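# Structural overview for review
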Protein chains: 2
Amino acid sequence: MTTICVDVMGSDKGPEEVLKGVAAALAADAQLSVLVAGADEYVTPFCAEHEGAKALVTTEVIHMDEHPTQAFRTKKDASIVRAAAAVHNGEAEGLFSAGSTGAVLTAAAFGIGRIKGIKRPALALPCPGVNGHHTVMLDLGANADVRPEVIVQFAHMGRAYAKVACGTENPTVGLLCNGSEDTKGSEMALAYHKALAEGNCGFIGNAEGTDILSDTFDVIVTDGFTGNVALKSIEGTAKFLVGQIKEAAGSSKKVGIGALLMKPALKAVASELSGDRYGGAILLGLKAPVVKGHGSSTAAAVKSGVLACAAAARARLPHEIAEACSIAAK
Amino acid sequence: MTTICVDVMGSDKGPEEVLKGVAAALAADAQLSVLVAGADEYVTPFCAEHEGAKALVTTEVIHMDEHPTQAFRTKKDASIVRAAAAVHNGEAEGLFSAGSTGAVLTAAAFGIGRIKGIKRPALALPCPGVNGHHTVMLDLGANADVRPEVIVQFAHMGRAYAKVACGTENPTVGLLCNGSEDTKGSEMALAYHKALAEGNCGFIGNAEGTDILSDTFDVIVTDGFTGNVALKSIEGTAKFLVGQIKEAAGSSKKVGIGALLMKPALKAVASELSGDRYGGAILLGLKAPVVKGHGSSTAAAVKSGVLACAAAARARLPHEIAEACSIAAK
């Protein structure tokens with residue numbers, strides 16, 4: 001049995017949607033149990049009705065607009081704080097939340113704690129590519145400024161995750177840059193390039209923005225500032241294109257019929273990009289896997305996120321990361 | 001009559017495709033003449049056949065894999081070097097090239113020269129958004145490292161270009177960042193934010209990657225490293241989605257018919273994103289407008305690029321930029 005703690009509060013869609021996702025995850029995985037953290041009125045009736053669900057009743061919530069560290073200090077009974085503590089205490093082996101990124105990162109880093117030797121945790125996501133290939137990209141926003149030696153650790157963590165999540169053997173690593181040539185880059189990117197080249201971490205060269213959704217690299221590393229801009233540029237483009245297609249479909253009857261016939265295919269494409277498959281980004285470098293769902297996660301995304309978190313816990317991802325980083329450090 | 005110099009060499013698709021685009025631009029604009037720079041065998045017969053086209057015969061080409069500054073120094077008769085010199089000498093009022101970015105930037109910066117007071121030229125592109133809105137984004141790769149006072153100049157240059165290219169009055173400016181809150185950013189982005197807030201340049205706050213293809217800002221500024229990553233992430237996403245749709249269309253007869261009915265609409269969407277409308281990015285800050293087409297520019301993109309360059313020359317873009325920056329400096 002694998003137990004995952006789910007913070008059902010803090011999502012834009014409300015606790016009901018998160019609970020629907022938890023129910024779907026429980027139905028899909030007989031070896032899963034869920035510790036459900038949130039307000040009494042939501043979690044108690046849910047756990048009475050669902051076998052495998054246990055309530056962790058909390059009275060506070062950290063909202064999107066609150067300062068994460070301050071809220072973490074003052075709201076001792078917030079769902080995400082209690083959820084992280086439950087993982088720390090061994091009541092659960094992983095954590096899923098669709099709450100505010102800052103609150104999840106803070107509660108997880110302080111509440112669960114880093115793997116020994118890991119300098120900075122990083123947010124990672126397997127991005128879809130051609131021919132079913134996935135590229136693990138990190139950091140997606142946990143650290144705006146990153147030193148070169150930390151980028152090398154990101155490479156090791158990304159490789160461990162690519163093995164666990166995508167089954168990739170001996171993953172290749174690229175550095176997100178403004179050109180594929182070795183001479184390209186900001187001063188910082190050139191320093192990253194040098195550190196990666198010396199880092200014995202599968203580094204094969206610079207990646208461009210066009211390489212993220214392709215099959216050129218198994219892992220792409222970058223600082224959290226650049227990674228966040230790239231990921232949100234991808235999200236914005238998908239949203240823009242879907243909007244343009246919808247607009248075109250409304251413009252003529254012929255195009256409208258075409259769109260109707262294509263709808264299931266378009267939905268599948270949108271779902272592949274929306275992160276529904278993995279349910280969100282995973283925070284790597286902590287003593288337990290933490291999956292951070294989108295603030296507007298659907299029940300389907302929550303289900304994927306909880307299952308992905310359970311899979312990472314079963315594959316002993318933190319152990320794999322510790323090993324990858326300590327072997328490299330020797 | 002407005003004369004634009006077109007470097008017909010250095011494009012991935014060969015001089016023939018560029019010349020097709022020049023012919024289309026000449027046919028579309030009776031007030032346009034083109035100085036056609038390139039090898040004798042291409043430009044001389046073309047100019048004999050096309051009224052309004054004058055040959056600038058050159059014997060050398062700077063290729064994609066050459067070191068730009070070195071090639072600029074040694075290949076005195078390269079098409080892009082001669083083209084920039086022709087603009088400098090007043091034989092043409094603007095320059096279009098689909099050659100290597102490095103070669104175009106170097107030849108233009110040294111050959112045409114910067115507007116007095118401009119610290120660094122920047123590459124800009126009007127990106128499509130919702131409801132026909134366009135957001136001018138810069139820098140897209142001319143400067144990997146940018147100081148805060150230079151970002152403020154980018155804001156002024158971007159605003160002048162938004163007025164000329166998109167007709168936007170009093171354009172708003174955003175800073176590309178890893179979050180919309182003022183407190184978000186790398187150390188450098190926080191320094192940019194402070195400089196922009198004090199810069200009297202229409203700055204209204206941080207922009208995220210999702211804001212690029214929307215209608216939230218009229219101008220988005222960033223350093224050339226981040227801008228290049230964002231632009232290429234957008235390009236990569238569009239390519240990925242078009243590929244996925246094509247794949248889906250081949251997977252079932254029903255979806256295939258849908259795709260066929262939607263084809264013109266999908267093509268229009270792809271064309272809007274491919275930069276065909278403006279024919280490429282424009283280099284701002286030089287004494288004449290320089291449009292840099294994609295290496296694989298189609299004839300349609302070359303036509304748009306030449307016409308956009310002529311429009312910028314007619315609107316006296318360099319004068320507008322000088323004024324925007326000098327008024328701000330007072």
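Now for a quick tour of the structure. (Residues numbered from 1 in each chain as written. Chains lettered and ligands numbered in written order. Predicted model: local features only at pLDDT ≥ 70, side-chain atom pairs only at ≥ 80, totals over all residues. Heavy atoms only, no water.)

Of the regular secondary structure elements, chain A holds 11 helices and 11 strands. Its C-alpha radius of gyration of 20 Å places chain A within 12% of the 20 Å reference for a compact globule of 330 residues. For chain A, the C-alpha atoms occupy an extent of roughly 65 × 60 × 35 Å along the three principal directions. Burial status across chain A gives 60% buried among its 330 residues. (Helix = DSSP H or I, 4+ residues; strand = E, 2+ residues; numbered from the N terminus. Rg over C-alpha atoms; globule rule 2.2 N^0.38 Å. Buried < 20%, exposed > 50% of the residue type's maximum accessible area, 1.4 Å probe, protein only.)

Between chain B and chain A, the contact holds 47 residues from the first and 48 residues from the second. Buried area between chain B and chain A, both sides added, is near 4,100 Å², and the carbon and sulfur share of it is 74%. In this structure, Glu208 of chain A and Lys232 of chain B form a salt bridge, with 2.3 Å as the shortest nitrogen-oxygen distance. Connecting chain B to chain A are six residue pairs in polar contact (both at pLDDT 80 or more). Going through the elements one at a time, helix 7 (187–197), helix 8 (224–251) and helix 9 (253–274) of chain B are the ones with two or more residues in the side of chain B that touches chain A. For the side of chain B that touches chain A, the element with the highest residue contribution is helix 8 of chain B, accounting for 18 residues. Taken together, the residues of the side of chain B that touches chain A sort by class into 25 nonpolar, 15 polar and seven charged. (Contact = heavy atoms within 4.5 Å. Buried area = accessible area lost by both parts, 1.4 Å probe. Salt bridge = Lys/Arg side-chain N within 4 Å of Asp/Glu carboxyl O. Polar contact = N/O pair within 3.5 Å; in protein donor to acceptor, adjacent residues only side chain to side chain. Nonpolar A, V, L, I, M, F, W, Y, C, P; charged D, E, K, R; others polar.)

What follows concerns the packing of aromatic side chains. All names here are of chain B. Taken as a whole and judged by the stated rule, the model has two aromatic pairs over all chains. Look at Phe72 and Phe110: their rings are 5.6 Å apart centre to centre, the planes differ by 25 degrees, and that puts the pair in the stacked class. Placement of the pair is Phe72 in helix 3 (residues 68–74) and Phe110 in helix 5 (residues 101–111), with a sequence separation of 38 residues. A relative accessible area of 19% means that Phe72 is categorised as buried. (Phe/Tyr/Trp six-rings, centres within 6.5 Å; stacked < 30°, edge-to-face > 60°.)

For the rest of this paragraph, the subject is the side chain of Lys292 of chain A. All names here are of chain A. For Lys292, the position within the fold is in strand 11 (residues 290–292). The buried charged residue Lys292 lacks any salt bridge partner; its closest oppositely charged side chain belongs to Asp12, at an N-O distance of 8.2 Å. Within the local environment of Lys292, its side chain forms a polar contact with the backbone oxygen of Gly99, the two atoms lying 2.9 Å apart. (Lys, Arg positive; Asp, Glu negative; His and termini not counted.)

All names here are of chain A. Reading across from one edge, 3-2-1-4-11-10-5-6-9-7-8 is the order of the 11 strands in this open sheet, with mixed pairing throughout. Edge positions in the sheet fall to strand 3 (53–57) and strand 8 (203–207), since each has one partner strand and no second. Strand-to-strand twist in this sheet, taken as the mean axis angle between neighbours without regard to direction, amounts to 25 degrees. Pairing of strand 4 (residues 94–97) with strand 11, which is carried by three bridges, proceeds in the parallel orientation. Looking across to strand 11, one finds that Leu95 is bridged to Val290. With respect to the sheet, helix 4 (residues 79–88) is in contact with strand 1 (2–7), strand 2 (32–38), strand 3 and strand 4, its orientation differing from that of strand 4 by roughly 165 degrees. Set on the sheet, helix 6 (residues 148–166) makes contact with strand 5 (122–128), strand 6 (134–138), strand 7 (173–176), strand 9 (219–221) and strand 10 (281–284); between it and strand 6 the angle comes to about 145 degrees. (Pairing = 2+ DSSP bridges. Axes fitted to C-alpha atoms, helices over the stretch in contact; angles between N-to-C directions.)

Quick look at the environment of Val6 of chain A now. All names here are of chain A. In this structure, Val6 sits in strand 1. A residue is classified by how much of its surface remains accessible, and Val6, at 0% relative accessible area, is buried. In sequence terms Val6 and Ala83 are 77 residues apart; their C-alpha atoms lie 7.1 Å from each other. Dropping the residues within four chain positions of it, Val6 is found in contact with Val18, Val22, Val34, Leu35, Val36, Ala37, Phe96 and Val306.

Residues and elements named next belong to chain B. Every buried residue of helix 2 (residues 40–49) is listed here: Val43, Phe46 and Cys47. Taken down its axis, helix 2 places every buried residue within 95 degrees of arc, on the same side. Exposed and facing more than 90 degrees away from the buried side of helix 2 are Glu41, Ala48 and Glu49. Considering only its buried residues, helix 2 is in contact with helix 1 (15–28), strand 2 (32–38) and strand 3 (53–57). (Arc of directions from axis to C-beta.)

Here we take up the relation of the copies chain B and chain A. For these two chains of identical sequence, chain B goes onto chain A by a turn of 180 degrees and a shift of 0.0 Å along the axis, with RMSD 0.0 Å. In the structure described here, the two chain copies are related by an operation that fits a two-fold rotation axis. In terms of proximity to the rotation axis, the leading residue of chain B is Gly258 of chain B, whose C-alpha is 1.8 Å off the axis. When the interface residues of chain B are mapped onto chain A, 100% of them again fall at the interface, so both copies present the same face. (Least-squares fit on C-alpha atoms with pLDDT ≥ 70 in both.)

A few words on the sheet that holds strand 11 (residues 290–292) of chain B. All names here are of chain B. Ordered by their spatial adjacency, 11 strands build an open sheet running 3-2-1-4-11-10-5-6-9-7-8, and the pairing between neighbours is mixed. Both edges of this open sheet fall to strand 3 and strand 8 (203–207), since each of them pairs with a single strand only. Put simply, the sheet's adjacent strands are angled 25 degrees from each other on average, direction ignored. Across the face of the sheet, helix 8 comes into contact with strand 5 (122–128), strand 6 (134–138) and strand 7 (173–176) while running at roughly 135 degrees to strand 6.

Right, let's get into the pairing of strand 6 of chain A. All names here are of chain A. Most of strand 6 is tucked away, with five of its five residues classed as buried. Residues of strand 6 alternate between two faces, with His134, Val136 and Leu138 on one and Thr135 and Met137 on the opposite face, all of them buried. Direction of pairing for strand 5 relative to strand 6: antiparallel, over a ladder of five bridges. Bridge pairing in strand 6 places Pro126 opposite Val136. Where strand 5 folds back onto strand 6 in an antiparallel hairpin, the turn is made up of five residues, including Asn131, whose phi is positive at roughly 55 degrees. Here strand 6 pairs with strand 9 via three bridges, running parallel. Its bridge partner being in strand 9, Met137 is matched across the sheet by Ile220.

Residues and elements named next belong to chain A. Tallied over the full model, the rule gives 14 salt bridges over all chains. Between Glu66 and Lys75 there is a salt bridge, with its nearest N and O atoms 2.8 Å apart. Exposure remark for Lys75: the relative accessible area of 17% places this residue in the buried category.

All names here are of chain A. Cis rather than trans, the peptide bond between Leu138 and Asp139 has omega equal to -5 degrees. Note that Asp139 resides in the loop between strand 6 and helix 6. A positive phi angle is found at Arg316, which is not glycine, with a value near 55 degrees. Within the secondary structure, Arg316 is located in the loop between helix 10 (299–314) and helix 11 (317–329).

These figures capture arrangement, not role.
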